[in-house]
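Now for the letters of each chain:
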Amino acid sequence: PRRPLPPHELVLAPMVGGSEFPFRLLARRHGAQLCYTPMMHADQFIWPCHLHSDNGIGPLRTNADDVPLVAHFCGNDAATLLKAGRRAERYCVAV
């Protein structure tokens, strides 16, 4: 089932090289209510070397102060995008 996004007015849009974890935390300290990850390659995100932890998976690094978070993926294969989204869903509110 689709979960609704929490209320938000100030959004940190996805930026290549600009919306990694440390920058998102800084943006949240200055009022950002919803943040996006940088665009991640779905085919690389599903590699087994990216292990789950309490703080995310590989390039999807996060913590309790970095919520709500939207994961941003690119790819050209629907099955790979779906697999990446399912791996990411426990760390974010939307993909």
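Relevant structure appears above.
How each quantity is defined
Residues numbered from 1 in each chain as written. Predicted model: local features only at pLDDT ≥ 70, side-chain atom pairs only at ≥ 80, totals over all residues. Heavy atoms only, no water. Pairing = 2+ DSSP bridges. Helix = DSSP H or I, 4+ residues; strand = E, 2+ residues; numbered from the N terminus. Salt bridge = Lys/Arg side-chain N within 4 Å of Asp/Glu carboxyl O. Buried < 20%, exposed > 50% of the residue type's maximum accessible area, 1.4 Å probe, protein only. Core = buried A, V, L, I, M, F, W, Y, C linked by side-chain atoms within 4.5 Å. Contact = heavy atoms within 4.5 Å. Phe/Tyr/Trp six-rings, centres within 6.5 Å; stacked < 30°, edge-to-face > 60°. Lys NZ or Arg CZ within 6 Å of the ring centre and 35° of its normal.

Caption draft 1: Molecular detail of the sheet that holds strand E6 (residues 69-74). Taken together, the 3 strands give an open sheet; going across it, the order is E1-E2-E6, and neighbouring strands pair in parallel fashion. Since the sheet does not close on itself, it has two edges, and those belong to strand E1 (11-12) and E6, each with one partner. As judged from the 5 bridges shared by strand E2 (residues 34-41) and E6, these two strands associate in the parallel manner. For Cys-35, the partnering residue across the bridge sits in E6 and is Leu-69.

Caption draft 2: A look at the pattern of salt bridges. Scanning the model with the defined rule gives 2 salt bridges in all. For Asp-66, the salt bridge goes to Arg-28, with nearest N and O atoms at 2.8 Å. Here Asp-66 is found in the loop between strand E5 (60-61) and E6, whereas its partner Arg-28 is found in helix H1 (residues 21-29), with 38 residues between them in sequence. A relative accessible area of 0% means that Asp-66 is categorised as buried.

Caption draft 3: Local environment of the sheet that holds strand E3 (residues 52-53). Taken in spatial order, the 3 strands of this open sheet run E3-E4-E5, and their pairing is antiparallel. Each having just a single partner strand, E3 and E5 make up the two edges of the open sheet. Pairing analysis gives 2 bridges linking E3 to strand E4 (residues 56-57), with the strands arranged antiparallel. Bridged to His-52 within E4 is Ile-57.

Caption draft 4: The arrangement of the nonpolar core in detail. Counting 16 residues, the largest nonpolar core has Met-40, Phe-45, Leu-60, Ala-71, Phe-73 and Ala-88 as the members making the most contacts within it. Broken down by secondary-structure element, the contributors of at least two residues to this core are E2, helix H2 (42-45), E6 and helix H3 (78-88). It is E6 that provides the largest number of residues to this core, a total of 3 residues. Not counting the four nearest positions on each side in its chain, Ala-88 is found in contact with Phe-45, Leu-60, Ala-71 and Phe-73.

Caption draft 5: Quick look at unusual backbone geometry. That bond from Val-67 to Pro-68 is cis: its omega, -5°, falls within 30 degrees of zero. Relative to the elements of secondary structure, Pro-68 occurs in the loop between E5 and E6.

Caption draft 6: The arrangement of the packing of aromatic side chains in detail. Going through the model one piece at a time under the given rule, you end up with 1 aromatic pair. On the numbers, 5.0 Å between centres and 65° between planes, the contact of Phe-45 with Phe-73 is edge-to-face. Taken together, the residues Phe-45 in helix H2 and Phe-73 in strand E6 connect sequence positions 28 residues apart. Between the NZ or CZ atom of Arg-87 and the centre of the ring of Phe-45, over which it lies, the distance is 6.0 Å.

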